[in-house]
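Residue-level structure breakdown
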Amino acid sequence: MRTSFFFSEAVGSLRRNWVMTMAAILTVFISMSILGVALVTDRNLNQGTTSLKNRILIQVFISDNATPEQVAALQQKINSTPQIKKSVYISKDQALERFRQTLGVNSAIILKELPNNPLPASYEIYVKDSNQVDAVAQQFVGNPAVDDNVPGSGKHDSVVYAKKTVRRMLGIINLVEKGMWVAMGIFGVAAILLISTTVRLSIFARRREIEIMRLVGATNWFIRWPFILEGFITGLVGSVLAGLGIYAFNWTIFKWIKSTTLSYWAVKIYPPWFQSGSWPLGLLPSLALLGAVLGALGGGFALRRYLKV
Amino acid sequence: MIVFENVSKIYEPDVVGLQDFTWHVPKGEFVFLVGPSGSGKTTLIKLVLKELEPTEGRILVAGRNLSTLRRSKVPFLRRNIGCVFQDFKLLPNKTVWENVAYALEVVGENRRSIRRKVPEIVNLVGLADKANSLPHEISGGEQQRVSVARAFVNHPPLLLADEPTGNIDPETSIGLMQLLMRINRTGTTVVVATHDRDMVNRMKRRVIQLEGGRMVRDEHRGSYDESPAEVTGAD
Ligand SMILES: Nc1ncnc2c1ncn2[C@@H]1O[C@H](COP(=O)(O)OP(=O)(O)O)[C@@H](O)[C@H]1O
Ligand SMILES: [Mg+2]
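Residues numbered from 1 in each chain as written. Chains lettered and ligands numbered in written order. Predicted model: local features only at pLDDT ≥ 70, side-chain atom pairs only at ≥ 80, totals over all residues. Heavy atoms only, no water.

**Concerning the overall build of chain A**
What chain A contains, in helices and strands, is 12 helices and four strands. Relative to all contacts within chain A whose residues are 6 or more apart in sequence, the contacts with residues 24 or more apart total 84%. Of the roughly 17200 Å² of accessible surface on chain A, 65% is carried by carbon and sulfur atoms. (Helix = DSSP H or I, 4+ residues; strand = E, 2+ residues; numbered from the N terminus. Contact = heavy atoms within 4.5 Å. Areas by Shrake-Rupley, 256 points an atom, 1.4 Å probe, with all protein chains shown as cover.)

**Some details on the pairing of strand 1 (residues 2-11) of chain B**
Residues and elements named next belong to chain B. Where strand 1 meets strand 4 (residues 56-61), five bridges bridge the pair, whose relative direction is antiparallel. Each bridged residue has a counterpart across the sheet, and for glutamate 5 the counterpart in strand 4 is arginine 58. Pairing of strand 1 with strand 2 (residues 15-25), which is carried by seven bridges, proceeds in the antiparallel orientation. When the bridges of strand 2 are listed, isoleucine 2 appears paired with valine 25. Between strand 1 and strand 2, which pair antiparallel in sequence order, lie three residues. (Pairing = 2+ DSSP bridges.)

**Some points on the packing of helix 5 (residues 140-152) of chain B against helix 6 (residues 170-185) of chain B**
Residues and elements named next belong to chain B. Orientation of helix 5 relative to helix 6, taken along the N-to-C sense of each, is 10°, at an axis distance of 10 Å. Taken together, helix 5 and helix 6 sit at an angle that is classed as roughly parallel. Two secondary-structure elements touch here, helix 5 through Gly141, Gln144, Arg145, Val148 and Phe152 and helix 6 through Thr172, Leu176, Leu179, Leu180 and Ile183. For the contact of helix 5 with helix 6, the class distribution of residues is six nonpolar, three polar and one charged. (Axes fitted to C-alpha atoms, helices over the stretch in contact; angles between N-to-C directions. Parallel < 35°, antiparallel > 145°, perpendicular 65-115°, else oblique. Nonpolar A, V, L, I, M, F, W, Y, C, P; charged D, E, K, R; others polar.)

**Here's the deal with the packing of helix 3 (residues 96-106) of chain B against helix 5 of chain B**
Residues and elements named next belong to chain B. At a closest axis distance of 8 Å, the pairing of helix 3 and helix 5 adopts a crossing angle of 25°. One finds that helix 3 runs roughly parallel with respect to helix 5. Crossing geometry of helix 3 relative to helix 5 is assigned as right-handed. Contact residues: Val96, Asn99, Val100 and Ala103 in helix 3; Val146, Ala149 and Arg150 in helix 5. (Left-handed = near helix turned anticlockwise from the far one by under 90°.)

**Remarks on unusual backbone geometry**
All names here are of chain B. Geometrically, the link from glutamate 12 to proline 13 is a cis peptide bond, its omega value of -10° lying close to zero. With respect to the helices and strands, the residue proline 13 is situated in the loop between strand 1 and strand 2. A positive phi angle is found at aspartate 20, which is not glycine, with a value near 40°. Position of aspartate 20 relative to the elements: it lies in strand 2. Taking the relative accessible area as the measure of exposure, aspartate 20 reaches 43% and is therefore partly exposed. (Buried < 20%, exposed > 50% of the residue type's maximum accessible area, 1.4 Å probe, protein only.)

**Comments concerning the environment of Leu176(B)**
Residues and elements named next belong to chain B. Of note, leucine 176 is situated in helix 6. Placed 11 residues apart in sequence, leucine 176 and threonine 165 show a C-alpha to C-alpha distance of 7.7 Å. For leucine 176, the residues in contact, after removing those within four places along its chain, are Gln144, Arg145, Val148, Pro164, Thr165 and Ile168.

**Thoughts on helix 5 of chain B**
For an α-helix, 3.6 residues make a turn, and residues three or four places apart therefore share a direction. When the terminal C-alpha atoms of helix 5 of chain B are compared, their 18 Å separation across 13 residues agrees well with the 18 Å that a helix rising 1.5 Å per residue should span. Counting buried residues along helix 5 of chain B, 11 of its 13 residues qualify, which places the element largely inside the surrounding structure. Among all positions of helix 5 of chain B, only Gly141(B), Glu142(B), Gln143(B), Gln144(B), Val146(B), Ser147(B), Val148(B), Ala149(B), Arg150(B), Ala151(B) and Phe152(B) are buried. Along its buried surface, helix 5 of chain B packs onto helix 8 (207-215) of chain A together with strand 6 (81-85), helix 3, helix 4 (111-124), strand 7 (158-162) and helix 6 of chain B. (Expected span 1.5 Å × (residues − 1).)

**Looking at the pattern of salt bridges**
All names here are of chain B. Per the counting criterion, the structure on display carries 15 salt bridges over all chains. For glutamate 29, the salt bridge is made with arginine 206, and the minimal N-O distance between the two is 2.8 Å. Of this pair, glutamate 29 sits in the loop between strand 2 and strand 3 (30-34) while arginine 206 sits in strand 9 (residues 206-211), and the two are 177 residues apart along the sequence. Each of the two residues, glutamate 29 as well as arginine 206, counts as buried. Notably, a salt bridge pairs lysine 117 with glutamate 109, separated by 3.2 Å at the nearest N-O pair. (Salt bridge = Lys/Arg side-chain N within 4 Å of Asp/Glu carboxyl O.)

**Regarding the confidence of the model for chain A**
A residue-level look at chain A finds 80% of positions with pLDDT of 70 or above and a mean pLDDT of 77. Taken together, the stretch residues 152-156 of chain A has pLDDT below 50 and engages in one contact with residues farther than four places along the chain or on a different chain. (pLDDT = per-residue confidence, 0-100.)

**Points about the interface of chain A and chain B**
Facing the 19 residues of chain A at the interface are 24 residues of chain B. Taken together, both faces of the contact between chain A and chain B bury some 2100 Å²; the carbon and sulfur share is 56%. In this structure, the salt-bridge partner of Asp87(B) is Arg208(A), at a minimum N-O distance of 3.6 Å. In this structure, the connection of chain A to chain B is made through four residue pairs in polar contact (both at pLDDT 80 or more). Elements represented by at least two residues in the side of chain A that touches chain B include exactly helix 1 (3-16) and helix 8 of chain A. Top contributing element to the side of chain A that touches chain B by residue count: helix 8 of chain A, with seven residues. Grouping the amino acids of the side of chain A that touches chain B by side-chain chemistry returns eight nonpolar, three polar and eight charged. (Buried area = accessible area lost by both parts, 1.4 Å probe. Polar contact = N/O pair within 3.5 Å; in protein donor to acceptor, adjacent residues only side chain to side chain.)

**Some words on the packing of aromatic side chains**
All names here are of chain A. Counting across every chain of the model gives 12 aromatic pairs over all chains. Both rings, one in tryptophan 221 and one in tryptophan 225, keep their centres 5.8 Å apart while their planes meet at 40°; by these two values the pair is tilted. Of the two residues, tryptophan 221 and tryptophan 225 both sit in helix 9 (residues 220-259), four residues apart, roughly one turn of that helix. A relative accessible area of 38% places tryptophan 225 in the partly exposed class. (Phe/Tyr/Trp six-rings, centres within 6.5 Å; stacked < 30°, edge-to-face > 60°.)

**Notes on the confidence of the model for chain B**
Residue and element names in this part refer to chain B. This prediction gives chain B a mean pLDDT of 90; 95% of its residues lie at or above 70. A low-confidence stretch, residues 229-235 stays under pLDDT 50, and its non-local contacts, those more than four residues away or across chains, total 14 contacts. Under the prediction, the complex receives an ipTM of 0.83, its pTM being 0.70.

**Some words on the sheet that holds strand 4 (residues 159-160) of chain A**
All names here are of chain A. The sheet built from four strands is open, its strands ordered 2-3-1-4 with antiparallel pairing. In this open sheet, the two edge strands, each paired with only one partner strand, are strand 2 (84-90) and strand 4. Strands in contact with helix 3 (residues 68-80) are strand 1 (57-62), strand 2 and strand 3 (121-127); relative to strand 3, the strand with the most contacts, it is inclined by about 10°.

**Thoughts on the nonpolar core**
All names here are of chain B. Ranked by size, the top nonpolar core spans 41 residues in total, and within it Phe32, Val100, Leu159 and Val192 carry the most contacts. Secondary structure elements with two or more residues in this core: strand 3, helix 3, helix 4, helix 5, strand 7, helix 6, strand 8 (189-194) and helix 7 (197-203). Excluding residues within four positions of it along the chain, leucine 159 makes contact with Gly82, Val84, Ala151, Phe152, Leu180, Ile183, Thr188, Thr189, Val190 and Val191. (Core = buried A, V, L, I, M, F, W, Y, C linked by side-chain atoms within 4.5 Å.)

Structure follows, in structure tokens:
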């Protein structure tokens, strides 16, 4: 019923105190940008490490000559090794199917020449801790069920696992990720403090106005609504700007990575929808909502000490 | 309209604002509160508005007991009390019209009745041609009339004025007093705290004199005396 009155009060005061409004929007923009960049980077890193982590697997190739008992014993050994998170059995047929997919459209021509399926069956083993890859992998070298004659891979490649460098990289990314969470926590708190300080300053500047409102008999909610709306609008504008800024930032980095020798990573760490240039549909509304709600809460809460009778 | 029973207000740590004050203002009366600066006039007015809590005693305003009145009901008490202050207390970024309308917005008055009532009262205080001016664009006397208009636009049963002529020149002050008298004639109880000796002497109304937070005189058709006379019985 009074919405239009409250709204025009809020907009009017935002316009009149435009310096303060700019300061508040800037504050929200900066805090939300930092928060958003942290979120985006974290997500990109996650995407990157997932593809790296997938490579920390041990492939144990099974000899075509292995007896069912030997395979069963191998399976038993895998199941009883505590460091192993999970294992997947890939049959000869599945291996061939995968190979066919890797070859793509030319597969029919190439595979036509093969008299029988040359690919061995295998176990793909994932370990719980990437540092244990070496130790776990060594347990399967020389196992009677394990093929030591994988075509084109040489005698010692019957057990294949990730190299040290990959694992070191994962370790670093892991550390960066943890640092990111800490940074996000710190900046989140800083954002709330900054917003509420800005709102408090603006309310302090208008304490006379509030005093007058109370003297003519305005209820606390009547006084509060315009301030809440002001906080809401400020938070919304600041965080939408931040969302757009983050998108531009992310896009620039993506383009840059693609133009360097690291272009492989651009494909790995950015989600496909991003690479096709679509809008950050999840990020923008959630940032905007967060900003608006924080702003509104800031506006409402900062009034408390002026509304005591 | 107003009843004070043995009311004391002691500010922290032990400054006397008002001490053992008992008075009774019947409906429709016009009362002057006089006394030197620091004698407790503003304290008394703030107590009526429940802006301050008494340290002791009982206060009734328009039949409400202020000590049992819930905090959330205070705004509704204030809608029955028009206030005029020495410093006008106008919203600086609203026009004369908007300042007066604000008091109606607050009570949830609809657009149409706001558009009807505001011009009426702005005319009454003689500011029809200044309706769209901002407070800083008009004189002190005019600002004070805006604040009277705002206080009276709801037609409250009680109007309090704390040194309303303190910041305006003597001639304008007379006009303002006459305005308050006119408001009083509509049946509104009016309490005016003032220093202004000439004004009080001219009006010949009930005068209550304060000194050091105590009532030293209560006189009907009184004047502002330098030396406190004997306290006559209040009614
Ligand atoms: N908020 C306050 N804190 C402490 N003392 C106060 C406060 N307000 C007023 N006083 C004291 O109370 C006494 C009465 O003040 P006041 O009611 O403002 O007098 P008047 O309005 O007649 O000039 C004065 O001694 C003043 O210093
Ligand atoms: Mg005073």
